Amino acid sequence: MKKITFTILSVITILFSCKRNDVEDLKPVAVSVAISFDNAYAGYNFPLKNTEVKFTNLSNGLVTNLKADESGAVSLDKISPGNYDIEAVLTVSAADYQTYTSTTVEDNVVFNGVLKSQSIVQSSNALKIVLNAGKIGDWVFKQIHYAGSHTLNGAGFRDQFIEVYNNSNEVLYADSLYIVQAYGSTSKLTAIDITTGFFQSGSKQYDWTKSIGMNNSKANTDYVYSKNIWMIPGTGKDHPVQPGKSLIIAATAMNHKVPFTGADGKTITVKDPSLTIDLSNADFEIYQGDYPGLSQLASDIDNPNVPNMRNISILSGRDMILDATGREALFLFKTKRPQSEWKRTPAPDKLDINSAVDLYYQIPNSEVIDAVDIQTPLEANRVPKKFGATLDATFIFVSKGQYSSQSLIRKTGKTVNGRVILKDTNSSANDFTELDMPDLTKTVFK
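Summarised in this report is the structure supplied together with it.

Rules behind the numbers
- Residues numbered from 1 in each chain as written.
- Predicted model: local features only at pLDDT ≥ 70, side-chain atom pairs only at ≥ 80, totals over all residues.
- Heavy atoms only, no water.
- Helix = DSSP H or I, 4+ residues; strand = E, 2+ residues; numbered from the N terminus.
- Rg over C-alpha atoms; globule rule 2.2 N^0.38 Å.
- Buried < 20%, exposed > 50% of the residue type's maximum accessible area, 1.4 Å probe, protein only.
- Contact = heavy atoms within 4.5 Å.
- Areas by Shrake-Rupley, 256 points an atom, 1.4 Å probe, with all protein chains shown as cover.
- Lys, Arg positive; Asp, Glu negative; His and termini not counted.
- Charge placed at Lys NZ, Arg CZ, Asp CG, Glu CD.
- Phe/Tyr/Trp six-rings, centres within 6.5 Å; stacked < 30°, edge-to-face > 60°.
- Salt bridge = Lys/Arg side-chain N within 4 Å of Asp/Glu carboxyl O.
- Pairing = 2+ DSSP bridges.
- 1 Å grid on protein atoms, 1.4 Å probe; cavity = no way out; pocket = protein on both sides within 12 Å on 5 of 7 lines; lining within 4 Å.
- Points joined across faces, edges and corners; volume = space filled by probe spheres on them.
- Nonpolar A, V, L, I, M, F, W, Y, C, P; charged D, E, K, R; others polar.

Here we come to the overall build of the chain. Within the chain one finds three helices and 26 strands. Whereas a compact globule of 446 residues would reach a radius of gyration of roughly 22 Å, the chain reaches 25 Å, a difference of no more than 12%. For the chain, the C-alpha atoms occupy an extent of roughly 90 × 65 × 45 Å along the three principal directions. Buried residues in the chain amount to 47% of all 446 residues. Looking at the chain alone, contacts between residues at least 24 apart form 70% of all its contacts between residues at least 6 apart. Of the roughly 21400 Å² of accessible surface on the chain, 51% is carried by carbon and sulfur atoms. Taken as two groups, the 44 positive and 47 negative side-chain charges of the chain have centres that lie 5 Å from each other.

Here it is, written out as structure tokens:
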């Protein structure tokens, strides 16, 4: 009887001890965040007061919003321990920006900073966020139809396209504008093991400083990496685009509503034309049927009435096939550097370089004009962001998911003398909304 009593008491003691430890582990902790500007803006003395700071608990999705004081500091005496995404946003009016920098801009300038998957578990946590403004104006992505349409009743991935927009107040020439699918880890965030040394501890994206022959401590912060690169052809002034106008680049510039003959001689058609679109009048198309080393995709037809993009580097896919699930990231860039000077590097998890190992171009952030990080609608399926806060502080997706016919569309920021300026805060969640069907009229939406 004594043994039984002792055993019961032992179990109760252990359970009580475990419960007490769990309670202690969940005791609220304190956190402070010091906000500052990156070196490019540190000397202008923009006021940091009222910088908006958002803490998002990655375990339960709870959000806490605060505003910084005059010194750029925010603090919480009590917050649940755990992993958080912390975003800081400061909007400077166009008038104030001109006052502080003597530079005229047409719209407000938004500074962003972010800490991804930040562990807040100590009794006291002191963190720092650096604000970046990114690039303002020039070319932007206006519409991205990455989701495609229904695979049985629609066109699947065949009707994907990208629309780029002249967001400036002057004529821009699209010649030598590069459109790029960024490369990075597409493993689920929950499946990545950072102890391997191939990944960054915060973002869980590849740690490019570990790539063979890298020797660049800023490989993660100052560069992005390419999977596929296409370029608008031209000698410099062949493709003028007026302010407030755009170009549509189609994966396949065909009318996907009606049957057409594929490269294999077989008819390609859809059961429900209302689910897809007519891209036969696109400004450019991507044709990879003659790219060295690739076998032609049956649906990759060369429309002679639509000029082809130039294929610069193709490491994946037999056409411009955007990830319909949303694990995608796109950027625009221009450069004066000849391609022969572009650095190429293997992924960090490659231990040797041979003919079977892909090499990815390393593109400086300073040459990137616009960038959009896309994710899946389901949080459990999300992958590491490929862009830092300098290029895109957040991410975006279409709510109905893959093959839904939806497209991303950039919001209108303001209208100046009849010219629409699209919203560009370098934060996709803030800049984009969605359409249930793509729009090819080049109309600007609010």
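There is more to say, and it comes next.
This part takes up the packing of aromatic side chains. What the rule picks out here adds up to 24 aromatic pairs. Where Phe-46 meets Tyr-100, the ring centres are 5.4 Å apart and the plane angle is 55 degrees; that geometry is what we call tilted. Of the two residues, Phe-46 sits in the loop between strand S1 (29–37) and strand S2 (52–57) while Tyr-100 sits in helix H2 (residues 94–101), which places them 54 residues apart along the sequence. Residue classification places Phe-46 among the buried positions, given a relative accessible area of 5%. On the basis of relative accessible area, Tyr-100 is assigned to the partly exposed category, the value being 33%. Ring centres of Tyr-206 and Trp-208 lie 5.8 Å apart, and the angle between their planes is 75 degrees; on these two criteria the pair is classed as edge-to-face.

Before going further, it helps to examine the pattern of salt bridges. In a structure, side chains of opposite charge can pair up when their charged atoms sit close to one another. For the structure on display, the rule yields 12 salt bridges. A salt bridge links Glu-367 to Arg-337; the nearest nitrogen and oxygen atoms lie 2.8 Å apart. In this pair, Glu-367 is assigned in the loop between strand S21 (360–364) and strand S22 (368–374) and Arg-337 in the loop between strand S19 (328–333) and strand S20 (344–345), connecting sequence segments 30 residues apart. For Asp-370, the salt bridge goes to Arg-410, with nearest N and O atoms at 2.8 Å. One end of the pair, Asp-370, is in strand S22; the other, Arg-410, is in strand S23 (residues 407–410), and 40 residues separate them in sequence. The pair Asp-370 / Arg-410 is uniform in exposure class, with both members buried. Each of the salt bridges in this network shares a partner with another, and the network as a whole consists of Asp-370, Arg-410, Asp-424 and Asp-431.

Moving on, we get to the pairing of S22. Burial runs high along S22: seven of the seven residues are buried. Judged from the six bridges that link them, S19 and S22 form a sheet pairing that is antiparallel. Following the sheet pairing, Leu-332 is matched in S22 by Asp-370.

A separate point is the sheet that holds strand S26 (residues 432–435). Strands belonging to one sheet form pairs held by backbone hydrogen bonds; the direction of such a pair is parallel or antiparallel. On the basis of which strands lie adjacent, the open sheet formed by six strands has the order S17-S14-S9-S8-S23-S26 and mixed pairing. Whereas interior strands pair on both sides, the edge strands pair on one side only; in this sheet they are strand S17 (284–285) and S26. Of the pairings in the sheet, the one linking strand S8 (residues 139–145) to S23 comprises two bridges and is antiparallel in character. In the strand pairing of S23, Gln-143 is matched with Ile-409.

The next point concerns the layout of surface pockets. The space that makes up the largest pocket amounts to roughly 1200 Å³. Taken together, 41 residues line the largest pocket, and the ones lying closest to its centre are Asn-220, Thr-221, Gly-388, Ala-389 and Thr-390. Going through the elements one at a time, strand S6 (109–120), strand S7 (124–131) and strand S12 (223–231) are the ones with two or more residues in the lining of the largest pocket. At four residues, the largest contribution of residues to the lining of the largest pocket is made by S6. Looking at the lining of the largest pocket, its residues break down into 18 nonpolar, 15 polar and eight charged. Quantified by volume, the second largest pocket comes out at close to 1000 Å³. Around the second largest pocket, the lining comprises 40 residues; the ones closest to its centre are Thr-56, Leu-58, Asp-85, Lys-116 and Phe-395.

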